[in-house]
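One letter stands for each residue in the lines below.
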Number of protein chains: 2
Amino acid sequence: MQVAVIGLGAMGMGAALSCLRAGLAVTGCDFSETARDSFAGAGGQVAASADAIAPGTQAVLLLVVNAAQTEAALFGPAGCTKRLAPGAVIIASATMGPDDARRLAARAEAAGFLYLDAPVSGGAAKAATGEMTVMASGSPAAFAKAKPVLDAVATKVWELGEAPGIGATVKVVHQLLAGVHIAVAAEAMSLGIRAGADPQKLYDVVTSAAGNSWMFENRMARVLEGDDAPRSAVDIFVKDLGLVAQMARGLDHPVPLASQAQQLFTAASAMGHGRADDGFVIRVWQALTGIALPGENQKREKPKG
Amino acid sequence: MQVAVIGLGAMGMGAALSCLRAGLAVTGCDFSETARDSFAGAGGQVAASADAIAPGTQAVLLLVVNAAQTEAALFGPAGCTKRLAPGAVIIASATMGPDDARRLAARAEAAGFLYLDAPVSGGAAKAATGEMTVMASGSPAAFAKAKPVLDAVATKVWELGEAPGIGATVKVVHQLLAGVHIAVAAEAMSLGIRAGADPQKLYDVVTSAAGNSWMFENRMARVLEGDDAPRSAVDIFVKDLGLVAQMARGLDHPVPLASQAQQLFTAASAMGHGRADDGFVIRVWQALTGIALPGENQKREKPKG
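All values reported here derive from a predicted model rather than from experimental measurement.

Cut-offs and rules
- Residues numbered from 1 in each chain as written.
- Chains lettered and ligands numbered in written order.
- Predicted model: local features only at pLDDT ≥ 70, side-chain atom pairs only at ≥ 80, totals over all residues.
- Heavy atoms only, no water.
- Helix = DSSP H or I, 4+ residues; strand = E, 2+ residues; numbered from the N terminus.
- Contact = heavy atoms within 4.5 Å.
- Salt bridge = Lys/Arg side-chain N within 4 Å of Asp/Glu carboxyl O.
- Buried area = accessible area lost by both parts, 1.4 Å probe.
- Phe/Tyr/Trp six-rings, centres within 6.5 Å; stacked < 30°, edge-to-face > 60°.
- Buried < 20%, exposed > 50% of the residue type's maximum accessible area, 1.4 Å probe, protein only.
- Least-squares fit on C-alpha atoms with pLDDT ≥ 70 in both.
- Core = buried A, V, L, I, M, F, W, Y, C linked by side-chain atoms within 4.5 Å.
- Domains from an automatic or database assignment.
- Polar contact = N/O pair within 3.5 Å; in protein donor to acceptor, adjacent residues only side chain to side chain.
- Pairing = 2+ DSSP bridges.
- Axes fitted to C-alpha atoms, helices over the stretch in contact; angles between N-to-C directions.

Chemist: For the environment of Ala221(B), give the residues involved together with the corresponding values.
Modeler: For Ala221(B), the position within the fold is in helix α9 (residues 214-225). Filtering out sequence-adjacent residues up to four positions away, Ala221(B) remains in contact with Tyr203(B) and Phe216(B).

What follows is the structure, given as structure tokens:
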């Protein structure tokens, strides 16, 4: 089966390599020469532009940043749909609002293609091992056609319904939780440090108790290590919580906690930490209160306290 | 060993029964005749007032609502300290701010008693089975003296340091996380329902993914069942997030997410849901948007959407 993966970033590269390992014929597409060289080195075909993928491609997996990039890669002047086989399946995995997912699905179906609204989660580590989670909606025909690709990249595929937009909805709601959990993990850890609690003991108690979240456990471990290399960056949550706000506004539904969290990620980004790991939104509280983060005790003085 | 448990509520009754099962001589104290009758029926001694516990009591476990009740039960006109043996240990388990914990510890130590700053978590279910988690600070002598009681009521005792106030600090930070996690669980579930997602499928996806929290998993299960009988009530988080705000203000540390969550629990309480299970803070969004909660589809009409 001839497939294409468009976007060889943190998620796309792992997914493309997983497809290769599964024995699919894969063209990886990215503007970045470094990314293309890396994928070619692993034995994949490469393309610098979406309209340069192999003719007759039967499935295209899009792991780009948002709806606009997805639309451009499909239907733009250099879009890939002109290279797809009739009845090919488009697996759209960028995080986007449900309105965009429905619009792109309608456009794809009008052009004779199958469409899967298929956002993913799991991060770069799970993508690399072919163990992503896919939360998808689409027709049974679209799921069937996409199966070899989904089997290669994911260990869990949620089939959420036939209507495009349901996958996007569930993903946006998921990001609401993920974003607030990261921001409140930082708020709590910072308050504990300010109060004189031992950060490691605080972490140990919380992760064994009812106050735990997946994000607290994962992201505060990085803060304790002082490791701010981005697995997922602050700016991703500026964007994703923006999608939450946009979707909620369209539904006349207030989201006070998500809105507050977005302001905190925006503050971190404004400070120049947009590309730091998202748990380092804690630097907003550090800037305000002068707390020392673990491993940084010698680096700055407490202005007060 | 002669012990007393003051406060036979959701947590205290379970703890008192656990002490009985462990073979300790236990006086259970509560203003409520119903609670006393229940504990007497299980074979315990009872007291209607803290100054009526057995003379020479060597350990007193306080599971009352807050610092004021703790102080009254110890040092008030009908306080229990006059009945304690010299060198008895006071195990103060109500959630309170660290300043109150330090003040009560100093007063207890000045009167010749040992003091453990020992808030608990686990809920009524874990209290009933003697499986609470205790997050405690105090002197080695206080931990040693309290050991028979702690062994009876808890499976995990965190020894967080010698200074009173550390236990309270960790508990307050824990409640910050717990409260925000419950409120954002409700915000997300409500938004998902409003957007037309199936609530059960949304729950299944989130609880298997990185957006999960202990509270989302536990409390939204009750919302899906339509079961608002309080295991922990909305008003508990109005109070505990108030403690968070008080502690944070004293430390010059902003807590925007905790403050927003407290306003949401306050709104639920204002609507008359203060004694409902805390996950039913979702009724704030229901009131604003007219969503139908699971099991309530026939009970109210959507005003819009």
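There is more to say after this.
Chemist: Run through the pattern of salt bridges, naming residues and quoting values.
Modeler: Residue and element names in this part refer to chain B. Counted under the stated rule, the structure contains 22 salt bridges over all chains. For Arg 107, the salt bridge identified is with Glu 71, shortest N-O distance 2.9 Å. Of this pair, Arg 107 sits in helix α4 (residues 98-110) while Glu 71 is found in helix α3 (residues 67-75), placing the two residues 36 residues apart along the sequence. A salt bridge links Asp 277 to Arg 231; the nearest nitrogen and oxygen atoms lie 4.0 Å apart. On the criterion of sequence distance, the pair formed by Asp 277 in the loop between α11 (256-273) and α12 (282-289) and Arg 231 in the loop between α9 and α10 (234-250) is long-range, its members being 46 residues apart.

Chemist: Account for the interface of chain B and chain A, with residues named and values stated.
Modeler: Between chain B and chain A, the residue contacts involve 57 residues of the former and 57 residues of the latter. Interface area, chain B with chain A, both sides summed: about 5,000 Å², of which 76% is carbon and sulfur. On the chain B side of the interface with chain A, the three residues burying the most area are Leu191(B), His253(B) and Leu257(B), jointly 14% of the side's total. Summed over the shared surface of chain B and chain A, the number is zero salt bridges.

Chemist: If you had to explain the packing of aromatic side chains to someone new, which residues and values would you point to?
Modeler: Residues and elements named next belong to chain A. In the structure shown here, the tally under the stated rule is four aromatic pairs over all chains. For the ring pair Tyr 203 and Phe 216, a centre distance of 5.9 Å and an interplane angle of 20° mean the geometry is stacked. A residue pair is termed long-range when its members are at least 10 positions apart, and Tyr 203 in helix α8 (residues 199-207) and Phe 216 in helix α9 (residues 214-225) qualify at 13 residues. Exposure remark for Tyr 203: the relative accessible area of 12% places this residue in the buried category.

Chemist: Lay out the relation of the copies chain B and chain A in plain terms, naming residues and giving numbers.
Modeler: With an RMSD of 0.0 Å, the operation that places chain B on chain A is a rotation of 180° combined with a shift of 0.0 Å along the axis. Both copies of the chain, as the preceding transformation shows, are related through a two-fold rotation axis. Of the C-alpha atoms belonging to chain B, the one lying closest to the rotation axis is found on Ser213(B), 1.9 Å away.

Chemist: Give me the lowdown on the nonpolar core, citing residues and values where you can.
Modeler: Note on soluble globular proteins: their nonpolar side chains tend to be buried together. Leu176(A), Met189(A), Val281(A), Leu176(B), Met189(B) and Val281(B) are the most contacted members of the largest nonpolar core, which totals 102 residues. In this view, Met189(A) contacts Pro199(A), Leu202(A), Tyr203(A), Phe216(A), Met220(A), Leu224(A) and Ile282(A); residues no more than four positions away in its chain are not counted.

Chemist: Quick one: what's the story with the domain arrangement of chain A, residue by residue and with numbers?
Modeler: Often the size quoted for an interface is simply the accessible area lost on bringing the parts together. Residues and elements named next belong to chain A. Domain annotation for chain A reports domain 1 (2-162) and domain 2 (168-289). For domain 1 and domain 2, the distance between their C-alpha centroids amounts to 28 Å. Each side of the interface is counted separately: domain 1 has twelve residues, and domain 2 has nine residues. In total, domain 1 and domain 2 occlude about 970 Å² of area from one another, counting both sides; carbon and sulfur atoms represent 70% of this. Together, Thr 95, Pro 98 and Met 135 form the three largest contributors to the area buried by domain 1 at its contact with domain 2, with a combined 46%. Counting across the interface, domain 1 meets domain 2 through three residue pairs in polar contact (both at pLDDT 80 or more).

Chemist: Could you give me a rundown of the environment of Val234(A), with the residues and numbers involved?
Modeler: Residue and element names in this part refer to chain A. By secondary structure assignment, the location of Val 234 is in helix α10 (residues 234-250). Val 234 sits in the buried class, given a relative accessible area of 0%. With 28 residues separating them in the primary sequence, Val 234 and Gln 262 have C-alpha atoms 9.9 Å apart.

Chemist: I'd like a description of the sheet that holds strand β7 (residues 120-121) of chain B, backed by residues and values.
Modeler: Residue and element names in this part refer to chain B. Taken together, the three strands give an open sheet; going across it, the order is β7-β8-β9, and neighbouring strands pair in mixed fashion. Sheet topology places β7 and β9 (154-159) at the edges, where each strand pairs with a single neighbour. For strand β8 (residues 132-136) and β9, the ladder comprises five bridges, and the chain directions are parallel. By the bridge assignment for β9, Met 135 is matched with Trp 158. Packing against the sheet, helix α6 (residues 140-153) makes contact with β8 and β9, and its axis sits at approximately 145° to β9. The strands touched by helix α7 (residues 166-194) within the sheet are β7 and β8, with β8 carrying the most contacts at an inclination of about 125°.

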